Every structure is written in C-alpha cells, then in structure tokens.
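Topology and contacts: notes
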Amino acid sequence: CVGNNVAQYPIIYQRLINEGHLVANHTYHHINGWQHSCEDYITDVQKAATLIKSNFFRPPYGKIKPSQFEQLKTLGYQVVMWDLLSGDFDTKLSPEKCWKQLKKHLRPGSIVVFHDSAKAFERLRYVLPLTLAYCDEKKWFLKQLEE
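**A short note on the packing of aromatic side chains**
Using the criterion set out here, one finds 4 aromatic pairs in the structure. Ring centres of Phe-57 and Tyr-77 lie 6.3 Å apart, and the angle between their planes is 70°; this geometry places the pair in the edge-to-face category. Of this pair, Phe-57 sits in strand 1 (residues 56–57) while Tyr-77 sits in the loop between helix 4 (66–74) and strand 2 (78–79), and the two are 20 residues apart along the sequence. A single burial state applies to Phe-57 and to Tyr-77, both of which are buried. Where Trp-99 meets Tyr-134, the ring centres are 5.9 Å apart and the plane angle is 80°; that geometry is what we call edge-to-face. Residue Trp-99 is found in helix 5 (residues 95–105), and its partner Tyr-134 is found in helix 6 (residues 121–137); the two are separated by 35 residues along the sequence. In terms of burial, Trp-99 and Tyr-134 fall into one category: buried. The structure contains a cluster of three or more aromatic residues connected by ring pairs, namely Tyr-41, Phe-57 and Tyr-77. Above the face of the Tyr-28 ring, Lys-47 is positioned so that its terminal group lies 4.3 Å from the ring centre.

What follows is the structure, given as structure tokens:
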C-alpha cells in the first residue's frame, strides 16, 4: 500500500486488514529509489510505516539502491520483489493482450504484480479472474506470503 493512499482512504485499508489480506509498505509517495538518497527514501518508507503495519516492503518500480535495501533489512523489513508484471497499468494494452502476455510468462512460484488503480482497473478486472482460473486449471497452489 502507498501510504498517501492509506491516509486518504483509511476505510479501504481497514477493509483489507479485516478481510485477511497481507499488506506491504510501498513508500508514502510511491517514489523511485534510484532517484532519491538513502535518507530521503527511508524517511518516506518510515512515514508510510506510521499507517501501514507490515514488515514487508515492495519498492515502487522495483527500483531500489543497495544502500536502501540494506537499511530496510536493518529496520526489519523483508523486501519482496516479483518476477512478473501483469501489465495492467499499461493503458496502451488491451485487456486481451495483457492476459496473453501474462499467461505466456506465468509459472509456478511466480510473484505477479497487479495494480488497484483506476487506470489499471479495466485490465485488472479482465486479467485477474482469468489468472486465478488458469492457475486453478493447472492445479497450482496459490498462497499469500507468510509473515
């Protein structure tokens, strides 16, 4: 979760918690680690941590400097990367093309990134149910990360 979004929509965040979803810190302002000093990056993460109670962290854009990574580890975070972007954020992709690309690269053990933004919704609403059905058809076990 992006901290600024949690601040704006605390009821949605609480619903995620109440429904048993695992949440992770995604910085307060969705900042790119490569474009910020270690100090500024960690400050942004810690600001988000005042709202997001999780020891998981996913760096926006997957961009994080080694110094930022090491500092987060020292603070007790488990940095989680992914191996597959769904492409749902790309407004130039049709939902069908998004699914085709995702399906081509989906493997057992994949950590797939989906987005809950308004711009991703058309593709997310199409691709996510197909992804879940495909994994079920393949008899792949789905689970959330463990704390």
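Past the structure itself, the notes keep going.
**Focus on the nonpolar core**
Counting 10 residues, the largest nonpolar core is built from Ile-31, Tyr-41, Ile-42, Val-45, Ala-49, Phe-57, Ile-64, Leu-72, Tyr-77 and Val-79. Residues in contact with Val-45, not counting those within four places in the same chain, are Asn-25, Thr-27, Phe-57, Leu-72 and Tyr-77. If you look at the next biggest cluster of nonpolar residues, it comprises 9 residues, including Leu-93, Trp-99, Leu-106 and Tyr-134.

**Structural notes on the pattern of salt bridges**
The full count for this structure, using the stated rule, is 3 salt bridges. The closest approach of N and O atoms between Arg-15 and Glu-19, which form a salt bridge, is 2.7 Å. With its nearest N and O atoms 3.9 Å apart, the salt bridge here joins Arg-123 to Glu-122. On the basis of relative accessibility, which here comes to 2%, the residue Arg-123 falls in the buried class. By relative accessible area, which is 45% here, Glu-122 ends up partly exposed.

**Concerning the environment of His-115**
The topology assignment puts His-115 in the loop between strand 4 (112–113) and helix 6. Every residue in contact with His-115, bar those within four places of it in the chain, is listed here: Arg-58, Asp-88, Phe-89, Ala-120 and Leu-124.

**Quick word on unusual backbone geometry**
Both trends apply: most residues other than glycine have a negative phi, and most peptide bonds are in trans. Its identity is not glycine, yet Thr-27 carries a phi of approximately 75°, on the positive side. By the element assignment, Thr-27 lies in the loop between helix 2 (10–18) and helix 3 (38–49). Phi at Lys-139 takes a positive value of approximately 65°, unusual for a residue other than glycine. Of the residues examined, Lys-139 reaches a relative accessible area of 73% and is grouped as exposed.

**So, the state of the cysteines**
Evaluated as defined, the whole model comprises 0 disulfides. Left unpaired, Cys-135 is separated from the closest cysteine sulfur, that of Cys-98, by 14 Å. Residue classification places Cys-135 among the buried residues on the basis of a relative accessible area of 5%.

Conventions we followed
- Counting restarts for each chain: residues are numbered from 1 in the order of the written sequence.
- Note on the predicted model: pLDDT of at least 70 is required for a residue's local features to be given, and 80 or more for side-chain atom pairs to be given and counted; whole-chain, interface and lining totals, by contrast, use all residues.
- Note that the side-chain values use all heavy atoms of the structure and ignore hydrogens as well as water.
- When the centres of two rings from Phe, Tyr and Trp lie within 6.5 Å, Trp using its six-membered ring, the rings pair. Their planes under 30 degrees apart give stacked, over 60 give edge-to-face, and anything left gives tilted.
- In this description a helix means any DSSP run of H or I spanning at least four residues, a strand means any run of E spanning at least two, and both kinds are numbered starting from the N terminus.
- Each residue gets one of three labels from its accessible area relative to the maximum for its type: buried under 20%, exposed over 50%, partly exposed in between, using a 1.4 Å probe on protein chains only.
- Geometrically, a charge over a ring is one whose NZ (Lys) or CZ (Arg) sits within 6 Å of the ring centre while staying within 35 degrees of the ring normal.
- Nonpolar core, defined: a set of buried Ala, Val, Leu, Ile, Met, Phe, Trp, Tyr and Cys residues in which side-chain atoms within 4.5 Å join the residues together.
- Every residue pair with non-hydrogen atoms within 4.5 Å of one another is taken to be in contact.
- Any Lys or Arg side-chain nitrogen located within 4 Å of an Asp or Glu carboxyl oxygen qualifies as a salt bridge.
- Disulfide: a pair of cysteine sulfur atoms within 2.5 Å of each other.

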